[in-house]
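An overview of the molecular structure
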Amino acid sequence: MNLLSNVQEQLCGLSMKHAAKELEDILEKAKQQEWSPLKTIQALLCAEQENRQDSRRLCRLKAANLPFHKTLDDFDFVFQTSVSKRQMQQLAELSWLEGAYNVIFLGPPSVGKTHLAVALGIEAVNAGYRVYFTQMDQLMNLFKTETISGRSRRQLRMLYRANLVILDEVGFQPISRQEANLLFSLINRLYQQTSVILTSNKGFEEWGEFLGDPVITAAMLDRLMHKCELFNMTGDSYRLKHRERIFDIDDN
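Residues numbered from 1 in each chain as written. Predicted model: local features only at pLDDT ≥ 70, side-chain atom pairs only at ≥ 80, totals over all residues. Heavy atoms only, no water.

1. Things to note about the packing of helix H10 (residues 204-211) against helix H11 (residues 214-226)
It is the contact of H10 with H11, at a shortest axis distance of 10 Å, that shows an interaxial angle of 135°. By the angle between their axes, H10 is oblique relative to H11. The handedness of the crossing between H10 and H11 comes out as right-handed. In contact with Phe 204, Trp 207, Gly 208 and Leu 211 of H10, H11 contributes Thr 217, Met 220, Leu 221, Leu 224 and Met 225. (Axes fitted to C-alpha atoms, helices over the stretch in contact; angles between N-to-C directions. Helix = DSSP H or I, 4+ residues; strand = E, 2+ residues; numbered from the N terminus. Parallel < 35°, antiparallel > 145°, perpendicular 65-115°, else oblique. Left-handed = near helix turned anticlockwise from the far one by under 90°. Contact = heavy atoms within 4.5 Å.)

2. Things to note about H11
Here H11 is 13 residues long and its end C-alpha atoms lie 18 Å apart, about the 18 Å a rise of 1.5 Å per residue gives. Within H11, burial applies to Ile 216, Thr 217, Ala 219, Met 220, Leu 221 and Leu 224. Residues of H11 that are buried sit in contact with strand S1 (102-106), helix H9 (177-190), strand S4 (195-200), H10 and strand S5 (228-232). The N-cap of H11, judged by a side-chain oxygen 2.8 Å from the amide nitrogen of Val 215 a few residues on, is Asp 213. (Expected span 1.5 Å × (residues − 1). Buried < 20%, exposed > 50% of the residue type's maximum accessible area, 1.4 Å probe, protein only. Polar contact = N/O pair within 3.5 Å; in protein donor to acceptor, adjacent residues only side chain to side chain.)

3. Considering the packing of aromatic side chains
Going through the model one piece at a time under the given rule, you end up with four aromatic pairs. A ring pair is formed by Phe 204 and Trp 207, whose centres lie 5.3 Å apart and whose planes are at 80°; its orientation type is edge-to-face. Within this pair, Phe 204 and its partner Trp 207 are both found in helix H10, separated by three residues, close to a single helical turn. Residue class for Trp 207 comes out buried when judged on its relative accessible area of 0%. Between Trp 207 and Phe 210, the ring centres sit 5.5 Å apart and the planes meet at 65°, which makes this aromatic pair edge-to-face. Placement of the pair is Trp 207 and Phe 210 together in helix H10, with a separation of three residues, close to one helical turn. An aromatic cluster is defined as three or more aromatic residues linked by ring pairs; in this entry it consists of Phe 204, Trp 207 and Phe 210. Between Lys 70 and the ring centre of Phe 68, over which it is positioned, the NZ or CZ distance is 5.3 Å. (Phe/Tyr/Trp six-rings, centres within 6.5 Å; stacked < 30°, edge-to-face > 60°. Lys NZ or Arg CZ within 6 Å of the ring centre and 35° of its normal.)

4. Some remarks on the pairing of S1
Burial of S1 is extensive: five of the five residues sit out of reach of the surface. Side chains of S1 alternate between two faces, with Asn 102, Ile 104 and Leu 106 and Val 103 and Phe 105 buried alike. The sheet contact formed by S1 and S5 spans five bridges and is parallel. Bridge pairing in S5 links Leu 106 to Asn 232. Here four bridges tie S1 to S4, and the two strands are oriented parallel to one another. The residue bridging Ile 104 from the neighbouring strand is Leu 198, located in S4. (Pairing = 2+ DSSP bridges.)

So this is what it looks like as structure tokens:
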């Protein structure tokens, strides 16, 4: 075994497989650019470190359970003018996560609420935070099956460990008194500890109706709104405006 292969094997033995893979190229680059031994070692370690960081990011992204991958760059701020690009870019700095602040997007369907929530979730994942996304009906199903499903228990553990919980489509479907209690228990558990991004098609004045209990509604909103940025989104449906058609032109 030559020296190169021996060093690569040693690197693999130290769980530095990416460094082992890049070793030959880095040595060639070091020779061409006349790097010092210390700079060559640094380049090798940086290659391994960057690979590990990217692997951890991909693991966090998978665990986040996001329904799609859309960023703030993908958002049409010209079409949707009830939020500004500047506001979203400020939120993307993520300083609010350290203070367990919440972000709430209210508005009718298809005005971009979920897109913005997911985009901020991706920014948080890339910055090293743990994120967990769930729609309201999915959350209720996790609670209901927690005692009989190992998968549900694992999903809830990831939710409870998250730095940011994204709760999507609150209010789209009516819920029972028991489900309202479960939702309140979650919000109460996350309060002052974990940031929440929440999207809903219901204005706060309608929450008492779909939650079915004015006391629970008041207590829940009190906790959500204590440290919160609220966006009331308006406008036309993005999906209808940009619908995909079967025919390119109308038949006359």
